[in-house]
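Reading the structure
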Amino acid sequence: MTESAAETRALDLAAGYLDAIRAGSLDAPGVTRASYGAGERLAHLLAREAAEGLGLEVSVDPIGTLSMTLPGTDRALPAGIIGSHVDSVPHGGNFDGAAGVAMGLAVAARLRHLGRRLPRDLTVLAIRAEEMVWFPANYLGSRAAFGLLPREAPDTLRRSDSGRTLADHMSEEGFDPDFIRQGRASLRADRIAWFLEPHIEQGPVLVEAGLPAGIVTGIRGSLRHRNCRAIGQDAHAGGAPRRTRRDAVIAAATLVAGLDAFWTAQEAAGADLVCTIGEFFTDATRHAPTRVPGEVRFTLDIRSEDVATLARAESWLATAAAEAKARHGVTMDYGPALHVPPALMDPRLRAALGAAAAEAGIASMNIASGGGHDCVTFAGQGVASAMLFIRNDGGSHNPDEAMEMEDFAAAFRIAAGAVERFG
């Protein structure tokens with residue numbers, strides 16, 4: 001078969017897979033594929049059928065991870081893995097995660113149609129339960145596959161929509177929660193040569209740049225405070241003069257403005273940084289238009305590819321808290337901090353992706369990933385890891401995800417060329 005014909009058949013397979021899982025998981029205005037639920041089950045079933053149609057070796061581990069393998073010439077070598085997850089947020093878009101599984105199937109299909117074998121096995125992986133909206137655990141499926149989840153997780157994690165445990169839902173789907181309880185693993189870092197996760201971009205950078213694909217430099221780590229409080233003192237809006245007020249709103253607003261200025265300065269100095277205050281509110285049952293607010297609650301989400309930048313942000317928050325106390329008489333209690341380290345992508349794999357893009361004549365750019373992905377788990381286990389972003393208009397985690405198949409095709413050419421370079 002010619003290269004052109006093999007590519008066409010591979011892309012048709014990917015498009016058909018994406019159309020079929022969308023049709024089977026429609027939940028207006030988007031799609032819903034709950035972790036260990038019906039939509040995720042369907043997406044795994046259809047991926048398996050596509051893989052079996054290609055003659056790939058198919059296996060499922062005790063937690064439901066689907067492996068679809070094109071044998072290499074030396075099966076003793078550690079395998080290369082390409083893939084992602086297929087669960088979605090409620091009423092979400094069709095491409096987040098699933099585009100990576102479709103890409104893996106397309107890359108394997110191209111090799112199969114061309115009659116080529118890589119030096120090592122190529123495994124397309126469909127991972128379970130990446131979206132934290134369902135169970136309160138980061139990268140649940142990939143961490144479980146590596147044996148990294150706490151042993152009590154099946155019995156303590158409950159799904160947000162049903163209130164039932166992870167163990168309940170796993171058992172209902174025919175899987176074995178004892179696999180996690182016993183600390184077992186189905187993936188071993190020493191048996192993985194590399195991991196590639198193709199994924200839609202979840203922001204507007206590629207759209208703004210007019211480019212179909214981006215080579216991810218790293219996945220941002222984060223400093224998160226989910227229970228912040230600015231604590232001052234309630235007072236009468238008319239009776240309390242400025243000099244005596246301990247106004248929590250003014251102090252918190254000053255902190256937010258200061259954080260924005262810090263962010264601007266760091267960006268101007270070339271640092272990678274994004275800052276978000278996702279919640280900011282007073283207690284409506286306690287405060288009123290005629291009352292100086294004595295407490296404000298808010299959240300902080302600060303992300304960067306660079307550990308030193310995150311440390312500077314943490315130091316800035318401590319200084320800002322001291323200034324709020326001195327200037328406004330308001331205590332800044334940030335509550336517990338959640339630190340997630342950055343995951344830098346392997347430079348050799350990035351170079352191979354760049355070389356494949358250049359050979360295919362496809363313009364791309366280096367880009368940081370603001371969202372977390374299963375790739376974090378692989379990189380954290382010492383696996384050489386890479387991500388390839390596909391242009392996607394309309395954002396993500398919403399029904400407006402709008403990846404065009406032309407852009408998918410461009411990213412496919414990069415991925416296919418890079419996989420052969422990865423060896």
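Structure shown above.
Computed from a prediction, not measured in an experiment: that's the story for all the values here. (Residues numbered from 1 in each chain as written. Predicted model: local features only at pLDDT ≥ 70, side-chain atom pairs only at ≥ 80, totals over all residues. Heavy atoms only, no water.)

Things to note about helix H3 (residues 98–114)
For the record, the criterion: The numbering of helices and of strands both runs from the N terminus, where a helix is a DSSP run of H or I of at least 4 residues and a strand a run of E of at least 2. Expected helix span is given by 1.5 Å per residue-to-residue step, counting one fewer step than there are residues. Any residue under 20% of the maximum accessible area for its type is buried, any over 50% is exposed, and the rest in between are partly exposed; the area is computed with a 1.4 Å probe on protein chains only.
Compared with an ideal rise of 1.5 Å per residue, which puts 17 residues at 24 Å, H3 spans 24 Å between its outermost C-alpha atoms and is within 8% of the ideal. Here H3 lies mainly inside the structure; 16 of its 17 residues are buried.

Some remarks on helix H13 (residues 405–422)
The terminal C-alpha atoms of H13 lie 25 Å apart, and with 18 residues this matches the ideal 26 Å at 1.5 Å per residue to within 8%. Counting buried positions along H13 yields 13 of 18 residues, so the element is predominantly enclosed.

With respect to the packing of helix H1 (residues 3–24) against H13
When two helices pack together, their arrangement is given by the angle between their axes and by how far apart the axes lie. Short version of the rule: All axes are obtained by fitting lines to C-alpha atoms, using only the stretch in contact for helices, and the reported angles, taken between N-to-C directions, cover 0 to 180 degrees. Small angles under 35 degrees read as roughly parallel and large ones over 145 as roughly antiparallel, with 65 to 115 read as roughly perpendicular and the rest as oblique. Take the far helix as your reference; a near helix turned counterclockwise from it by less than a right angle gives a left-handed crossing, and one turned clockwise gives a right-handed crossing. In this description, contact between two residues means that some pair of their heavy atoms is separated by no more than 4.5 Å. Gly counts as polar in this scheme, as do all residues outside two lists: the nonpolar Ala, Val, Leu, Ile, Met, Phe, Trp, Tyr, Cys and Pro, and the charged Asp, Glu, Lys and Arg.
For the pair H1 and H13, the least separation of the axes is 11 Å and the interaxial angle reads 130°. Considering the angle they form, H1 stands oblique to H13. Between H1 and H13 lies a crossing of right-handed hand. Contacts between H1 and H13 involve Glu 7, Ala 10, Leu 11, Ala 14, Ala 15 and Leu 18 on the former and, on the latter, Met 405, Phe 408, Ala 409, Phe 412 and Arg 413. When its residues are assigned to classes, the contact of H1 with H13 shows nine nonpolar, no polar and two charged.

Notes on the pattern of salt bridges
What counts here: Take a side-chain nitrogen of Lys or Arg and a carboxyl oxygen of Asp or Glu: if they are within 4 Å of each other, that pair is a salt bridge.
According to the stated counting rule, one finds 26 salt bridges in the structure shown. With a closest N to O distance of 2.7 Å, Arg 110 and Glu 3 form a salt bridge. One end of the pair, Arg 110, is in helix H3; the other, Glu 3, is in helix H1, and 107 residues separate them in sequence. Its salt-bridge partner being Asp 234, residue Arg 291 comes within 3.2 Å of it at the nearest N-O pair. Here Arg 291 is found in strand E13 (residues 291–292), whereas its partner Asp 234 is found in the loop between strand E9 (221–231) and strand E10 (235–236), with 57 residues between them in sequence.

What about the layout of surface pockets?
Rule in force here: Site definitions follow a grid-based scheme: protein atoms alone, a 1 Å grid, a 1.4 Å probe that fits but cannot get out for cavities, and for pockets an open set with protein on both sides within 12 Å along at least five of seven lines, plus lining residues having an atom within 4 Å of a point. Grid points are joined across faces, edges and corners, and a volume is the space filled by probe spheres set on the points.
There is about 1,200 Å³ of room inside the largest pocket. Lining of the largest pocket is provided by 48 residues; of these, Arg 224, Asp 301, Arg 303, Gly 370 and Gly 371 occupy positions nearest its centre. For the lining of the largest pocket, the elements supplying multiple residues, two or more each, are E9, helix H9 (248–268), strand E11 (274–276), strand E14 (295–304), strand E16 (337–340) and strand E18 (364–369). With five residues, E9 is the largest single contributor of residues to the lining of the largest pocket. Approximately 370 Å³ is the volume attributed to the second largest pocket. Lining the second largest pocket are 20 residues; nearest its centre among them are Ser 67, Ala 79, Thr 123, Ser 186 and Leu 187. Among the elements of the structure, strand E3 (57–60), strand E4 (66–70), strand E5 (79–85) and strand E6 (122–127) are those that each provide at least two residues to the lining of the second largest pocket. At three residues, E3 tops the list of elements feeding residues into the lining of the second largest pocket.

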